[in-house]
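# Results of the structural survey
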Amino acid sequence: MNNKTMKWVKENQKVLYAFIFISNSIWLYFQDSSVSKFVVLLLFSTVLLLGAAIDKQYYILPDEGAILLTIGGCVMSYYEGKHMLVLIGGAFGIMLLCLIIRVVSSDGLGWGDIKWFGALACWQSIPGLWIMFTTSFVVGCIYLLFINSSYSRTDKIPFGPFLCFSGWFSYFFTPHVIRWYVWMNVNLQDIISNRGLF
């Protein structure tokens, strides 16, 4: 990403955030006819958007956001009939994994990132947890490739925007990712068996 593009993005951040919020609101409205679920999901998306913006600007993910996400995630999981013990186990499991990454990477992940990982885990299914975890790091790596020329190794890079995006993506699109994975797997097996590779 060149300097002119980076400058334009910085100058128009508020416009970009407003566009994301409005387009997301419209998209959510057409996803579900339930008003209460629409409101909860809109709050979920709003907290994620604010968290990403705050972390990008100030390198901090607020605890208030983690608390709101945890409460909202538990309410939605109960509403969707998810088993609460599985939910709690998934949240603590992903936080433990993030803690190990923090230790191994010499504080590469902040405490806010770990708390938000745990909070977002309350919204996810088990496959969604792994999709969220993987997507956050993959998107982060892709971003690093784009800005490699303009950042040095000593510069801080906020992880929050990648985490917030992956949490939103995995909540709404995990079923589609699973269907795509199964479709790819079946088709690849057909191709391999038809060509006699194995």
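Scroll up a little and you will see the structure.
Residues numbered from 1 in each chain as written. Predicted model: local features only at pLDDT ≥ 70, side-chain atom pairs only at ≥ 80, totals over all residues. Heavy atoms only, no water.

## Topic: the overall build of the protein
Counting its regular elements, the protein contains eight helices and zero strands. N-terminal to C-terminal, the α/β element order of the protein is α-α-α-α-α-α-α-α. For the protein, with 198 residues in total, the buried portion stands at 34%. Looking at the protein alone, contacts between residues at least 24 apart form 70% of all its contacts between residues at least 6 apart. For the protein, the computed accessible surface area is about 12800 Å², with 70% contributed by carbon and sulfur atoms. (Helix = DSSP H or I, 4+ residues; strand = E, 2+ residues; numbered from the N terminus. Buried < 20%, exposed > 50% of the residue type's maximum accessible area, 1.4 Å probe, protein only. Contact = heavy atoms within 4.5 Å. Areas by Shrake-Rupley, 256 points an atom, 1.4 Å probe, with all protein chains shown as cover.)

## Re the nonpolar core
Within the largest apolar cluster, 35 residues are counted, with the highest numbers of intra-cluster contacts made by Phe44, Leu48, Leu69, Trp116 and Phe117. Tallying contributions element by element places helix H3 (residues 35-58) first for this core, with seven residues. The contact partners of Phe117, leaving out residues within four places of it in the chain, are Ile94, Cys98, Met132, Phe133, Ser136, Phe137, Phe159 and Leu163. (Core = buried A, V, L, I, M, F, W, Y, C linked by side-chain atoms within 4.5 Å.)

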